[in-house]
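Overview (structure and organization)
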Amino acid sequence: MGRLNVTLCGLPLDNPVIPASGTFGYGYEFAGLYDINVLGTFSFKGTTRQARFGNPTPRIAECTAGMINAVGLQNPGVEKVISEELPRLKACFHKPVMANVSGFSVEDYAYTCALLDKEPQVGWLEVNVSCPNVHGGGMSFGTEPRAAAEVTKAVKAVASKPVIVKLSPNVTDIVLIARACEDAGADGISLINTLLGMRIDLKTKRPVIANTMGGFSGPAIFPVALRMVYQVSKAVRIPVVGMGGVRSAEDVIEMMLAGASAVQIGAENLVNPFACRDIIAALPQVMDAYGINTLQDIIGGAH
Amino acid sequence: MKQSRFEITENVPLTGSVYRMRIAGDTGDVARPGQFVSLRLSGYYLRRPISVCDREGDCLTLIYKTVGAGTRAMSGMKPGETLDVLTGLGNGYDLSESGDAPLLLGGGVGVPPLYWLGKELVRQGRRVTAVLGFNTRAEVFYEEEFRALGCRVTVATADGSYGRKGFVTDALPADYSYVYTCGPMPMLRAVWRATKPSGQYSFEERMGCGFGACMGCTCKTAGGPKRLCREGPVLRKEEILWDD
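Since the structure is predicted, the reported quantities are computational estimates derived from the model, not experimental observations.

**Quick look at the overall build of chain A**
Scanning chain A from terminus to terminus reveals nine helices and 15 strands. A compact globule built from 303 residues should have a C-alpha radius of gyration of about 19 Å, and chain A, at 18 Å, falls within 12% of that. Taken along the three principal axes of its C-alpha coordinates, chain A extends 50 × 50 × 40 Å. Buried residues in chain A amount to 65% of all 303 residues.

So, in structure tokens, the structure goes:
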């Protein structure tokens, strides 16, 4: 094992760095910029049963140390992802990929996961019960322990690959939801999705985002994310993937000390397209600076 | 797309709120008029997408309007300072469809990308007409610069304080082969209605990344959803779908 190697739900990763869903498309935009095989893996664009255009624009608003997005799960639908996106990805990414799935009913989740589970390229299913930008689905499954458990059970029933449930921070007690998912058979938990936020344009006196609200991400949310990763990883026995405002090798290490087995990087990819490559390159030096021999050893080190 | 550092060589006001910045660096990925670059500004999270007004060797001309705190901060930057720039973004205009007498229609800060386009079209021997629209006399810029390229130039102001009174659509020439346009949405829509020939329309939208990753700037077109930062910002007249 190298210094950066970790294991996520039984599958080895060369390093814990994973671009987060929705900030990395289906990979090939970034494959034109650098060899994306340096990544641990990446979580592809949230995929649903049917194709979705998403929300009207503006979908983006800038904030201090972050941004709000309300894309609304734009994606070509699971069949096209399998017939078009995955073959394109195969040409530039030779590791198992994390398939991010969203839905509007329990059956939706199970249907989409069942199809993606059969794809040899897919290593993990990341089940998003936390999208704040769609109505009647997404986050509504992740704010209530019973609903989150129901989705988890339905997906587990059709999946042979590890199932990671992605949680919303927009809840009173994220630990309750995480435990419900674990009890329902989840193999891992990833958190946090974006925090519900909004901006108002002083000139028009109207919300900037066409959908009024959206998901707030970026460096500003790092302490909140870190705290939740810490709480959840202490409360569950399954691995936790930490994310939220991570933008440096130092942040990755901090997340792992809080209890993350792997770390996703989201918004930072959008402002620095080379962020993940640069973080991976910086890790050994930063580990040296803090006397860290291997990353696998530091997971939950702050507990 | 490339990410590299550029040095500011000039940053001067053209009007009360419109500035011209010239930056020097690796312009290897700046291929066509109508493309844009994206600047990282210290203290601001998202990059600022700015259209390329001209490319001469290793120098890019960017003309921008101070619309918020970010662009106001940008207007205070001095020659010698450097910027982190993503270059070669967007599809840009396709010059091959211009015909003999292309018409350029620009509104406000939609005017700049048409400058490099006009320069290239003149170089190809086209008879280029430019109609530049502004709100008022004090906001007019680049009229002489377009004329110096060899374009026939008409300026229109909404309040009639300079040139023709009205919008660019009130100052259309009698005859033209093709339309290239850039400006605010209501102007693009008016141009779409008022002109017969086909054309290419450059759109503006709030962007997250500017290079196709976040789906923040997607619009509906006759050819399916398009990311304005990647499959745009230039759309062909035939593929544009208006909201209603």
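**Some points on the domain arrangement of chain B**
By a frequent convention, interface size equals the accessible area lost on bringing the separate parts together. Residues and elements named next belong to chain B. Split by domain assignment, chain B resolves into domain 1 (2–89) and domain 2 (95–202). Here the C-alpha centre of domain 2 lies 23 Å away from the C-alpha centre of domain 1. On the domain 2 side, the residues contacting the 20 residues of domain 1 number 15 residues. For domain 1, the biggest contributors to the area lost against domain 2 are Pro33, Cys53 and Ile63; these three give 37% of the whole. Summed over the shared surface of domain 1 and domain 2, the number is one salt bridge.

**Comments concerning the state of the cysteines**
By the definition in use, this model includes zero disulfides over all chains. We note that B:Cys214 lacks a disulfide partner, and the nearest cysteine sulfur, in B:Cys209, lies 3.9 Å from it.

**Some details on the interface of chain A and chain B**
Each partner contributes to the interface: chain A provides 34 residues, whereas chain B provides 28 residues. Here chain A meets chain B over a buried area of about 2,500 Å², counting both sides, of which 59% is carbon and sulfur. Three residues, A:Glu29, A:Glu62 and A:Val271, lead the burial of chain A against chain B; their summed loss comes to 26% of the area buried on that side. The tally of links between chain A and chain B comes to four salt bridges.

**Looking at the side chain of B:Lys237**
All names here are of chain B. Following the sequence through the fold, Lys237 ends up in the segment after strand 15 (234–236). For the buried Lys237, no salt bridge exists, and the shortest N-O distance to an oppositely charged side chain is 6.7 Å, to Glu238. Discounting chain neighbours no more than four positions away, the residues touching Lys237 are Trp192, Thr195, Lys196, Pro197, Ser198, Gly199 and Tyr201.

**Concerning the sheet that holds strand 6 (residues 82–89) of chain B**
Residue and element names in this part refer to chain B. Overall, antiparallel pairing links the six strands, which are arranged 1-2-5-4-3-6 in a closed barrel. Mean inter-strand twist for the sheet, computed between neighbouring axes without regard to direction, equals 45°. Alignment of strand 2 (residues 18–24) against strand 5 (residues 59–65), held across seven bridges, turns out to be antiparallel. When the bridges of strand 5 are listed, Ile23 appears paired with Leu60.

**Points about the pairing of strand 11 (residues 178–182) of chain B**
Taken residue by residue, a regular strand's side chains alternate between the two faces of the sheet. For strand 11 of chain B, the buried fraction is high: five of the five residues fall into the buried class. Side chains B:Tyr178, B:Tyr180 and B:Cys182 project from strand 11 of chain B onto one buried face, and the interleaved B:Val179 and B:Thr181 project onto a second face that is buried too.

**A short note on the sheet that holds strand 6 (residues 97–101) of chain A**
Residues and elements named next belong to chain A. On the basis of which strands lie adjacent, the open sheet formed by seven strands has the order 3-15-14-9-8-7-6 and parallel pairing. Where the open sheet ends on each side, the last strands, each with one partner, are strand 3 (17–19) and strand 6. Each adjacent strand pair in this sheet contributes to an overall mean axis angle of 25°, direction not counted. The pairing of strand 9 (residues 188–191) with strand 14 (residues 240–243) spans three bridges and is parallel. Paired with Ile189 across the strands is Val240, a residue of strand 14.

**Comments concerning the environment of B:Gly216**
Mapped onto the secondary structure, B:Gly216 falls in the loop between strand 12 (199–202) and strand 13 (218–221). For B:Gly216, a relative accessible area of 1% puts it in the buried group. Between the alpha carbons of B:Gly216 and B:Glu81 there is a distance of 30 Å; along the sequence they are 135 residues apart. If near-sequence neighbours (up to four positions away) are discounted, B:Gly216 is found in contact with A:Thr57, A:Arg59, A:Ile60, A:Val71 and B:Arg206.

**Description of helix 3 (residues 106–117) of chain A**
All names here are of chain A. Taking 1.5 Å per residue as the helical rise, helix 3 with its 12 residues ought to reach 16 Å, and the 16 Å between its terminal C-alpha atoms agrees with that figure. Most of helix 3 sits out of view: nine of its 12 residues are buried. Buried residues of helix 3: Val106, Asp108, Tyr109, Ala110, Thr112, Cys113, Ala114, Leu116 and Asp117, and no others. Where the residues of helix 3 are buried, they touch helix 2 (78–90), strand 6, strand 7 (122–128) and helix 4 (145–158).

**Brief notes about helix 5 (residues 174–183) of chain A**
Residues and elements named next belong to chain A. Within helix 5, seven of the 10 residues are buried, which leaves it mostly tucked inside the rest of the structure. Buried within helix 5 are the following residues: Ile174, Val175, Ile177, Ala178, Ala180, Cys181 and Glu182. Summarising the contacts, the buried residues of helix 5 are in contact with helix 4, strand 8 (163–166), strand 9 and helix 6 (222–235). A side-chain oxygen of the first residue of helix 5 lies 3.0 Å from the backbone nitrogen of Val175; this N-cap is Asp173. Positioned one or two residues after helix 5, Gly185 has a phi angle of 110°, which is positive.

**Here's the deal with the pattern of salt bridges**
Scanning the model with the defined rule gives 23 salt bridges over all chains in all. We note a salt bridge from B:Arg227 to A:Glu29, for which the minimum N-O separation is 2.5 Å. Of this pair, B:Arg227 sits in strand 14 (residues 224–227) while A:Glu29 sits in helix 1 (residues 28–31), on two different chains. A:Glu29 shares its class with B:Arg227; the two are buried. Linking A:Glu182 and A:Arg237 is a salt bridge whose minimum nitrogen-to-oxygen distance equals 3.7 Å. Within this pair, whereas A:Glu182 is found in helix 5, its partner A:Arg237 is found in the loop between helix 6 and strand 14, the two being separated by 55 residues in sequence. Beyond isolated ion pairs, a larger network of salt bridges with shared partners links A:Glu29, B:Arg227, B:Arg230 and B:Glu231.

Here is what the cut-offs are and how they apply
- Residues numbered from 1 in each chain as written.
- Chains lettered and ligands numbered in written order.
- Predicted model: local features only at pLDDT ≥ 70, side-chain atom pairs only at ≥ 80, totals over all residues.
- Heavy atoms only, no water.
- Helix = DSSP H or I, 4+ residues; strand = E, 2+ residues; numbered from the N terminus.
- Rg over C-alpha atoms; globule rule 2.2 N^0.38 Å.
- Buried < 20%, exposed > 50% of the residue type's maximum accessible area, 1.4 Å probe, protein only.
- Domains from an automatic or database assignment.
- Contact = heavy atoms within 4.5 Å.
- Buried area = accessible area lost by both parts, 1.4 Å probe.
- Salt bridge = Lys/Arg side-chain N within 4 Å of Asp/Glu carboxyl O.
- Disulfide = S-S within 2.5 Å.
- Lys, Arg positive; Asp, Glu negative; His and termini not counted.
- Pairing = 2+ DSSP bridges.
- Axes fitted to C-alpha atoms, helices over the stretch in contact; angles between N-to-C directions.
- Expected span 1.5 Å × (residues − 1).
- Polar contact = N/O pair within 3.5 Å; in protein donor to acceptor, adjacent residues only side chain to side chain.

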